[in-house]
Amino acid sequence: MSKITKSRTIEEIFRGQQTSDGAGVKLTRLLSSNLQRRLDPFLMLDCFGSDNPDDYIAGFPNHPHRGFETVTYMIEGRMLHRDSQGNEGLLENGGVQWMTAGRGLIHSEIPQQKNGLMRGFQLWLNLPAKDKLIEPWYKDFQQPELPSYGSEAEGLKVTVIAGQSHGVRGAVQREHTEPLYLDVMLAAGKRFEAAIPARHNAFIVVYDGRVEVAGTEVAATQLALLNNDPEADGVSLTASEDSRVLIIAGKPLNEPIFQHGPFVMNTREEIIQAFQDYQAGLFA
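What you are looking at is a predicted structure, and each value in this text was computed from that prediction instead of being measured.

**Student:** Sorry if this is basic, but what is going on with the overall build of the protein here?
**Tutor:** Each helix and strand counted, the protein has 1 helix and 26 strands in total. Scaling as 2.2 N^0.38, a compact globule of 284 residues should have a C-alpha radius of gyration of about 19 Å, and the protein matches this with 18 Å. With respect to the three principal axes, the spread of C-alpha positions in the protein is 55 × 45 × 30 Å. Of all 284 residues assigned to the protein, the portion counted as buried reaches 52%. A separation of at least 24 residues holds for 73% of the contacts in the protein among residues at least 6 apart in sequence. Accessible surface for the protein amounts to roughly 12,100 Å². Of this, 46% is attributable to carbon and sulfur atoms.

**Student:** So what exactly am I meant to see when it comes to the pattern of salt bridges here?
**Tutor:** Oppositely charged side chains can form a pair if their charged atoms are brought close together. Inspection of every chain in the model, using the stated rule, returns 19 salt bridges. Across the pair arginine 174 and glutamate 69 runs a salt bridge whose closest N-O atoms are separated by 3.0 Å. Placement of arginine 174 in the loop between β16 (168–169) and β17 (180–186) and of glutamate 69 in strand β6 (residues 68–76) is noted, with a sequence separation of 105 residues between them. Judged by relative accessible area, arginine 174 falls into the partly exposed class, the value being 25%. Of the residues examined, glutamate 69 reaches a relative accessible area of 1% and is grouped as buried. A salt bridge links glutamate 88 to arginine 82; the shortest N-O distance between them is 2.9 Å. The exposure class assigned to arginine 82 is partly exposed, which follows from its relative accessible area of 44%. In this structure, a network of salt bridges that share partners links the residues Lys6, Asp229 and Glu231.

**Student:** Looking at this structure, how should I read the nonpolar core?
**Tutor:** Nonpolar side chains in soluble globular proteins generally cluster together in the buried interior. Leu45, Phe121, Tyr181 and Phe203 are the most contacted members of the largest nonpolar core, which has 29 residues in total. Those residues in contact with tyrosine 181, other than ones at most four positions away along the chain, are Val71, Tyr73, Phe121, Leu123, Thr159, Val160, Ile161, Ala162, Leu246, Ile247 and Ile248. Judged by nonpolar contacts, the second largest core, of 27 residues, contains Val184, Val213, Leu226 and Ile247.

**Student:** Can you walk me through the side chain of arginine 119 in this structure?
**Tutor:** Mapped onto the elements, arginine 119 comes out in strand β11 (residues 118–126). For arginine 119, the side chain forms a polar contact with the side chain of aspartate 208, separated by 3.0 Å. Setting aside chain neighbours within four positions, we find arginine 119 in contact with Phe48, Gly49, Tyr73, Met74, Ile75, Glu76, Tyr207 and Asp208.

**Student:** For this particular structure, what's the right way to read the pairing of strand β24 (residues 243–250)?
**Tutor:** Counting buried positions along β24 yields 7 of 8 residues, so the element is predominantly enclosed. Sheet topology places β17 next to β24; 7 bridges connect them, and they run antiparallel. Across the sheet, tyrosine 181 pairs through a bridge with isoleucine 248, a residue of β24. One ladder, built from 7 bridges, connects strand β19 (residues 201–208) with β24; its direction is antiparallel. When the sheet's bridge partners are listed, valine 205 is paired in β24 with leucine 246.

**Student:** Would you explain the packing of aromatic side chains in this entry?
**Tutor:** The description of an aromatic ring pair uses the distance of the two centres, along with the angle that the planes make with each other. Tallied over the entire structure, the rule returns 8 aromatic pairs. Judged by centre distance (5.8 Å) and plane angle (85°), the ring pair of phenylalanine 42 and phenylalanine 203 falls under edge-to-face. One end of the pair, phenylalanine 42, is in strand β4 (residues 42–50); the other, phenylalanine 203, is in strand β19, and 161 residues separate them in sequence. Of the two residues examined, phenylalanine 42 and phenylalanine 203, each falls in the buried class. Ring centres 6.3 Å apart and planes at 90° place the aromatic pair tyrosine 73 and tyrosine 181 in the edge-to-face group. Residue tyrosine 73 is found in strand β6, and its partner tyrosine 181 is found in strand β17; the two are separated by 108 residues along the sequence.

Definitions and cut-offs
- Residues numbered from 1 in each chain as written.
- Predicted model: local features only at pLDDT ≥ 70, side-chain atom pairs only at ≥ 80, totals over all residues.
- Heavy atoms only, no water.
- Helix = DSSP H or I, 4+ residues; strand = E, 2+ residues; numbered from the N terminus.
- Rg over C-alpha atoms; globule rule 2.2 N^0.38 Å.
- Buried < 20%, exposed > 50% of the residue type's maximum accessible area, 1.4 Å probe, protein only.
- Contact = heavy atoms within 4.5 Å.
- Areas by Shrake-Rupley, 256 points an atom, 1.4 Å probe, with all protein chains shown as cover.
- Salt bridge = Lys/Arg side-chain N within 4 Å of Asp/Glu carboxyl O.
- Core = buried A, V, L, I, M, F, W, Y, C linked by side-chain atoms within 4.5 Å.
- Polar contact = N/O pair within 3.5 Å; in protein donor to acceptor, adjacent residues only side chain to side chain.
- Pairing = 2+ DSSP bridges.
- Phe/Tyr/Trp six-rings, centres within 6.5 Å; stacked < 30°, edge-to-face > 60°.

Next up, the structure:
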């Protein structure tokens, strides 16, 4: 595997805010409006995880979106997606659901289990102004369909959800935001390096175990913001114990962000139009 010459360091660690969404699903909001400019093009990251069905059973009934993409990564559990474009898909252990809301759609995400652990992440990825009103798009990727390299037996396995890592091209590519989305399994004592373009904003989320980045330890479940060092060409992780880590990076759009609830546009006027279009039934 190719080596990076200098690793980014940790700029700041965030522990997130406990909240609920949908019909009362309990979650931790790791990335929200306070980080949208710093982590452009990423808008939000929620982490959900519980083995108490009261925390998740009601799910996320019908709700609208416009102007961005959602990426749901189901670590454990089963969730059914339906939307106003006629798409339907069952997300299961290790699967990813990638949805481009574009000009607008209505969708629901409902758990398909009455007990047991449900754990995963939902990431919101912004769209450039010119693509805010494109045709919606949706695709499910079950775990075997996601490109990966390494193995648990070797103590290093990397699932490449988006972008490219060590010559392995991910399931999804995006021209304007160039997202990198890796899920890295590291055995205790193992080291992993990921290349990240200097112009990209980047962060990691440890969701099992504990890792060290340039002398700073990051524990589960924490979001660690990586510094923007123009001389750094990636990030190097060393596992203090058996760990699972998300590495996420993207090219900033450097455009205005105007969000109101489930709509993310560039101006207040566009948000007003989104509400008008939704109320007029144009998302159906």
